[in-house]
Amino acid sequence: MGAIVSRALRPIKSFNIENRAHRVISKEKPQVAPSYPSTVQDLQRVQEAVPDIDKKLESKDSHLDDRLKNVYVTSKGTPEDDITRKKQDENPNRPLPQDRNALEDFDFGFKEPERVPYGRTTLRQAIEYITSHQMNPEEATAAKIAYEYKLKESDVENILKHFKTYEVYVPETKDSKAVIAGPTKNRRKLMEQSVGKIEAKKDSNLDKQNEKSAS
């Protein structure tokens, strides 16, 4: 609709366009957009302070040119190649890495420490004992976890209180009930059962469609 309207208005817009263009070009000076009152006041203050400001802006200032001639930039640092060569000469037993391959992706997005100090825990360890506690809270108590992972029992109690591992929720279908698979239950077994039921339903639907198409 818009294309039709613009095509219909095109002859009206281009009517006598050449004469209108000459009329605009023949004007001595285009009309300047009005300035804000604050801008007008600033211009008045500048003209009162420096009456010949226009001439100064248009003319070349020899004093500024002389000052620029006296400005020099000198570098007193050491080039990067010389620093690298110096480091290699100081300790030849520790050469720079030559392997430029991409780094491997870590399980949790960062490299885990090889040595964990006393009273500290890693994310992998936290997931392990949080999951163990959710699966069997009577066996994996805070005291046993603190003794095994060298942690304070109060810290372990706070971790088990405020942090839980994720659980997977499989919604209810016509053939199966809703299932929650998580640390408190056998996650793999429940997931395999739910996935098997969904795949069996898909196969039965395909068999029905094939029978209808064959008939």
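Residues numbered from 1 in each chain as written. Predicted model: local features only at pLDDT ≥ 70, side-chain atom pairs only at ≥ 80, totals over all residues. Heavy atoms only, no water.

- The protein chain is annotated in an unreviewed UniProt entry as Protein NDUFAF4 homolog from Pieris brassicae.

## Here we look at a nonpolar patch on the surface
In step 1: A cluster of nonpolar side chains, namely F110, L123 and I127, defines an oily patch on the protein surface of about 250 Å² accessible area.
In step 2: Mapped onto the elements, F110 comes out in the loop between α6 (80-90) and α7 (123-135).
In step 3: A residue is classified by how much of its surface remains accessible, and F110, at 40% relative accessible area, is partly exposed. (Patch = residues over 30% accessible without salt bridge, like charges linked within 9 Å, V, L, I, M, F, W, Y side chains within 5 Å. Areas by Shrake-Rupley, 256 points an atom, 1.4 Å probe, with all protein chains shown as cover. Salt bridge = Lys/Arg side-chain N within 4 Å of Asp/Glu carboxyl O. Helix = DSSP H or I, 4+ residues; strand = E, 2+ residues; numbered from the N terminus. Buried < 20%, exposed > 50% of the residue type's maximum accessible area, 1.4 Å probe, protein only.)

## A look at the nonpolar core
In step 1: The biggest cluster of nonpolar side chains holds 12 residues, and these are A126, Y129, I130, A140, A142, I145, A146, Y149, L151, V156, I159 and L160.
In step 2: Counting only elements with at least two residues in this core, the list comes to α7, α8 (142-149) and α9 (153-162).
In step 3: With four residues, the single largest contributor to this core is α8.
In step 4: Excluding anything up to four places from it in sequence, Y149 contacts R120, Q125, E128 and Y129. (Core = buried A, V, L, I, M, F, W, Y, C linked by side-chain atoms within 4.5 Å. Contact = heavy atoms within 4.5 Å.)

## Some thoughts on the side chain of H133
In step 1: Note on placement: H133 falls in helix α7.
In step 2: At a separation of 2.8 Å, a polar atom in the side chain of H133 contacts the main-chain carbonyl oxygen of A140. (Polar contact = N/O pair within 3.5 Å; in protein donor to acceptor, adjacent residues only side chain to side chain.)

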